[in-house]
Amino acid sequence: MREQAVIIGIAGGSASGKTSIAHQLYDCFQGHHKVKIMKQDDYYKDQSHMVFEERTKTNYDHPFAFDTDLLVEHLKKLKNKETILKPTYDYTLHTRSHITETIEGRDVIILEGIFVLAEKAVRDMCDILVYVDTDSDIRFIRRLRRDIEERGRSLDSVCKQYLETVRPMHEQFIEPSKKYAHIIVPEGGSNIVAVDLLITKIKSIVD
Ligand code: ADP
Ligand code: C5P
């Protein structure tokens, strides 16, 4: 086994299927290797000093919303299989939760998030760069459902946020970051062939 962890970065627009692909890879590797899924979203800046109303106004699709320095610091440690104390995030409260997760050294780190390719310091830490490419109408429908069911949002708030920040920031930052991908996966987790190819490639690196 390698002394350093392999880091697989999975980027793509909101609700493109990043988490779904991350879990498919995880399921495939966990029997043979120590694997951990990391969410870039856990590194949104702490906003507990702000009142809730103020937090709802943050642009969560801009690089400034993230504590990228902390993420890169943690990725460097994970690369060397060192232990980190990872923050966790609460979408319903728009800030970090009180829970901190201890993550010990792993063989494979699967990092998923909208800015994994767009942030140079983050993508430079990754051995394999994947972009999940799903049409924006499909992503919007998925996001609408998910944000209402799981993230405590209303129909109006999802539509407003999508038009004001999610869509323009996607066009400015996320879509252009596709050019940095080693592999572009159309249609997210339902693309079984692409996921199988990814698994074969990762196996050739870690085994
Ligand atoms: P991301 O991590 O990119 O935001 P997810 O994998 O969490 O995307 O998917 C967003 C939502 O879309 C989730 O509710 C998920 O269940 C749903 N979803 C993901 N992939 C598919 C698919 N191929 N078909 C239908 N729904 C999907
Ligand atoms: O899982 P997904 O990639 O969709 O998560 C990123 C999205 O989460 C961003 O597009 C951002 O708009 C959204 N977000 C939010 N509220 C927060 C934090 C993130 O709507 N408090």
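Residues numbered from 1 in each chain as written. Chains lettered and ligands numbered in written order. Predicted model: local features only at pLDDT ≥ 70, side-chain atom pairs only at ≥ 80, totals over all residues. Heavy atoms only, no water.

You'll find the protein chain entered in an unreviewed UniProt entry as Uridine kinase, with Coprobacillus cateniformis given as the organism. Quoted verbatim from the Sequence similarities (unreviewed entry) field of the UniProt record, the comment on the protein chain reads "Belongs to the uridine kinase family." Looking at the protein chain in UniProt, the text filed under Subcellular location (unreviewed entry) is "Cytoplasm". (UniProt positions renumbered as here; feature names shortened; annotations may be inferred.)

### Some details on the overall build of the protein chain
When helices and strands are tallied, the protein chain shows seven helices and seven strands. Its helices and strands in sequence order give the protein chain the pattern β-α-β-α-α-β-β-β-α-β-α-α-β-α, from N to C terminus. By its C-alpha atoms, the protein chain is 50 × 35 × 30 Å across when sized along the principal axes. A burial count over the protein chain gives 51% of its 207 residues as buried. For the protein chain, contacts bridging at least 24 residues in sequence account for 74% of all contacts bridging at least 6. (Helix = DSSP H or I, 4+ residues; strand = E, 2+ residues; numbered from the N terminus. Buried < 20%, exposed > 50% of the residue type's maximum accessible area, 1.4 Å probe, protein only. Contact = heavy atoms within 4.5 Å.)

### Observations regarding the layout of surface pockets
Space inside the largest pocket adds up to approximately 480 Å³. Around the largest pocket, the lining comprises 26 residues; the ones closest to its centre are Ser-14, Ala-15, Asp-41, Arg-146 and Arg-151. Among the secondary structure elements, those contributing two or more residues to the lining of the largest pocket are α1 (18-29) and α5 (136-149). The leading source of residues in the lining of the largest pocket is α5, at four residues. Taken together, the residues of the lining of the largest pocket sort by class into six nonpolar, eight polar and twelve charged. In this structure, the second largest pocket encloses a volume near 380 Å³. (1 Å grid on protein atoms, 1.4 Å probe; cavity = no way out; pocket = protein on both sides within 12 Å on 5 of 7 lines; lining within 4 Å. Points joined across faces, edges and corners; volume = space filled by probe spheres on them. Nonpolar A, V, L, I, M, F, W, Y, C, P; charged D, E, K, R; others polar.)

### Remarks on the nonpolar core
Membership of the largest hydrophobic core comes to 33 residues, with the highest contact counts inside it found for Met-38, Tyr-44, Leu-75, Leu-111 and Val-122. Put simply, the parts of the chain that give this core at least two residues each are β1 (6-12), α3 (68-79), β3 (84-90), β5 (108-112), β6 (128-133) and α6 (155-174). Per element, the largest residue contribution to this core is five residues, and it comes from α3. The contacts of Tyr-44, once residues within four sequence positions are left out, are Tyr-60, Ala-65, Phe-66, Asp-67, Tyr-89, Arg-96 and Ile-114. Grouped together as the second largest cluster of nonpolar side chains are 21 residues, Ile-8, Val-108, Ala-194 and Val-206 included. (Core = buried A, V, L, I, M, F, W, Y, C linked by side-chain atoms within 4.5 Å.)

### Side note on α3
Its twelve residues place the ends of α3 16 Å apart at the C-alpha level, agreeing with the 16 Å of an ideal helix rising 1.5 Å per residue. Buried residues of α3: Thr-68, Leu-70, Leu-71, Val-72, His-74, Leu-75, Leu-78 and Lys-79, and no others. Those residues of α3 that are buried lie in contact with β1, β2 (35-39), β3, β4 (95-103), β5 and α4 (120-123). Looking one or two residues beyond α3, the residue adopting positive phi is Lys-81, at roughly 60°. (Expected span 1.5 Å × (residues − 1).)

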